[in-house]
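A structural walkthrough
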Amino acid sequence: MSKKIRKPIKKEKDFSGKILKILSQNANKPFNYKQIGAKLELDDTNSRNQIIKDLKILAAQKKIIETEPGKYLVKAVSQDYYEGTIDMTSRKTAYFICDEFEEDVFIPTNNLNRALDKDKVKVYVYNRRKGKRPEGEVIEVLERDKTEFVGVIDIQPNFAFVSTANPKMYTDIFIPKDKLGEAENGDVVLVKIEDWPKRADSPFGSVIRVLGKPGEHNTEIHAILAEYGLPSDFPVEVEVYAQKLDTSIQESEIAKRRDMRDTLTFTIDPKDAKDFDDALSFKKLENGNFEIGIHIADVSYYLEEGTILDDEAYQRATSVYLVDRVVPMLPEVLSNFACSLRPNEEKYTFSAIFEVSPTAQVINQWFGRTVIYSDQRFAYEEAQYIIETKDNTIPVDVSITGESYVVSDEIREATLKLDELAKILRKKRMQQGAISFDKVEVKFNLDEAGEPEGVYFKISKDANHLIEEFMLLANRKVAEYIGKQKKTFVYRIHDEPNEDKLIAMQTVIAKFGYKIDFRNKGDIAKSLNSLMEEVNGKKEQNLIDTLAIRSMSKAKYSTDNIGHYGLAFDYYSHFTSPIRRYPDVMVHRLLQYYLDGGASVDEETYETKCLHCSNMESLATNAERDSIKYMQVKYMQDHQDEEFLGVISGVTEWGIYVEIVSNKCEGMVRIREIKDDYYTFDERQYALVGATSNSILQLGDEIYVKVKNADLVKKQLDFHFLRRAE
């Protein structure tokens, strides 16, 4: 008997996902099967019947609601819809970050639906079955992270486009002819996105500011500020308000304060500092202990809440330290004059005063408003000279006055004793699990036009640590004083490190023969400190320092005190820099309010302020980093014919990143540029491997390179590979 041949079953199409997408994008509008068919551009009978069937199935699954016969709405709350943030890649795809998912949800390019980097979005998540990576589609942009972008304008006869150098911005911006402003073709401009019509490939915008020509120094610095939404100047009305402030020292105000003018007081700051917001006082007590005062500029005395000056300071939240300039939080009349603790001037201060034993134990403490008189201004180099030589004659080559001068025996002895106590405090911190990150800072010698003449490295020495330890003491004790009262306060918190990042770091550092001890929190801290000491001065130091810092959580401001992991403190705040940080201003105000017997303030109000300050700090840090990259590219542009010794600092499938040993500038050697073999990326070894010779180029290898291209606009360096170092 012959077998009956079975016809293959024709698989029916499933329109469920597309139906949900249409209904979600039009959450308040009911659709029937014909309207959905029209949206999907389907009008054949089979497809329409399948749409009717899928609508009934979705309704039975309670994913959609039948509001009237044949008309459907998406159910308001669905387990497949989530709110979160978009994290764009440079490949025009993105990841959706949401606390409800352990791993980020992948968003393909065609599912972005006009979402841009860091936008708050609503996403439909599919592929949630076990073993499948979840993917998603943006259903709605709930809130734009930013609407202003910096880019170069390309003007055509009837319109223009602005393209940005930001690799995460996947679209250019269309500018109608009537919204060009004063822009000329090729200018760097700041534009604002005003609309993104449904059928348009690009958003529509208008030019709001012309920044200049690409590659010009001032243009690029202003472009960095504008890119992060940071101001470059104060509004006129704020400057006028600040100029009218009475900054004179009044006897009536002195009478309300603890008078410290007769106590030996001095400042230690960078040699190029213009604002001195902290000073130390020192007095030997009859009982053998020492009275040490940490005196901080009393900014909150001048900065009254509810004024345009305070509003501006809060919005800025921080000073921004670019490579060639400072964009201050406060107008100069305050930051460089009234609040700056300059030598031989009386100043209002907010102080933390401690009685400290010879073994650096805090016996007593006092917090409150004071008036001081600074007897001496030191640069770190001068204080360091006293610490190293015990001599009180500052030589010409160290002196910030340009002349040799003699420091009083009293100041010399105070400096040496403070250094001794600071070393004890530091040792205790390290024993308690604090982590020491003394990352090398790159600095530039600039000429009068702001052009880089040379590079030098800023390294922390004993004088830096002296100031650091007493600032840490004040910050810790202020936070502890309020924290133990269980009142709302502004803390500087730092969570434990991300273990996944530490494991990834272990993979890299193992290639250099180092390892991290993962047994417990204390062991991680100890092994990180040992690692920092071990790599000090070695070619891989900067790479490993950078990896270690990236493995750490980011410190931030919060009313929820979880302690500070990196410093090993249970309580920590920022009290010592109110000229340049708004959280310190809030700390001063709250401390005085509580000293006066005030009840605990509203936590939610201050948490909102903490979040704003943390966000502004992050923007400022990114701008500072970009300005350093810009200056590094500018510096290397003038050294295109020179050979440089570099260390491989990163390996990818498209090439190697190389950090120049002499100036820490980093650039890329494309894989096709390495001509001595055909190289491929070996992910397991984190290296490039030659097909013929099997020779390896891996992290930490030293090679010689030459500048191929220095792009000031993109702030990128490309190198020619010359040869391996022998």
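For the structure, check the block above.
Thresholds, definitions, all that
- Residues numbered from 1 in each chain as written.
- Predicted model: local features only at pLDDT ≥ 70, side-chain atom pairs only at ≥ 80, totals over all residues.
- Heavy atoms only, no water.
- Patch = residues over 30% accessible without salt bridge, like charges linked within 9 Å, V, L, I, M, F, W, Y side chains within 5 Å.
- Areas by Shrake-Rupley, 256 points an atom, 1.4 Å probe, with all protein chains shown as cover.
- Salt bridge = Lys/Arg side-chain N within 4 Å of Asp/Glu carboxyl O.
- Lys, Arg positive; Asp, Glu negative; His and termini not counted.
- Charge placed at Lys NZ, Arg CZ, Asp CG, Glu CD.
- Helix = DSSP H or I, 4+ residues; strand = E, 2+ residues; numbered from the N terminus.
- Buried < 20%, exposed > 50% of the residue type's maximum accessible area, 1.4 Å probe, protein only.
- Pairing = 2+ DSSP bridges.
- Contact = heavy atoms within 4.5 Å.
- Axes fitted to C-alpha atoms, helices over the stretch in contact; angles between N-to-C directions.

A cluster of acidic side chains, namely D560, D602, E603 and E604, defines a negative patch on the protein surface. Relative to the helices and strands, E604 is located in helix α17 (residues 603-637). Residue E604 is classed as exposed on the basis of its relative accessible area, which comes to 63%.

Turning to the sheet that holds strand β19 (residues 346-356), a few remarks are in order. Taken in spatial order, the 7 strands of this open sheet run β13-β20-β19-β16-β15-β14-β21, and their pairing is mixed. Here the strands that pair on one side only, and so sit at the sheet edges, are β13 (258-259) and β21 (376-379). With 2 bridges connecting them, strand β14 (residues 265-269) and strand β15 (residues 278-284) associate as antiparallel partners. Paired with T265 across the bridge in β15 is S281. Here helix α10 (residues 380-389) sits on the sheet and contacts β14 and β21; the angle it forms with β21, its principal contact strand, is near 90°. Against the sheet, helix α11 (residues 409-431) touches β14, β15, β16 (290-297), β19 and β21, its axis set at about 100° to β15.

So, on to the sheet that holds strand β31 (residues 679-682). Taking strand neighbours across the sheet as the criterion, the 3 strands line up as β31-β32-β33 in an open arrangement whose pairing is antiparallel. One side of each edge strand has no neighbouring strand; the edge strands of this open sheet are β31 and β33 (696-698). The mean angle between the axes of side-by-side strands here comes to 25°, regardless of whether they run parallel or antiparallel. With 4 bridges joining them, β31 and strand β32 (residues 687-690) adopt antiparallel strand pairing. If you follow F681 over to β32, its bridge partner there is L688.

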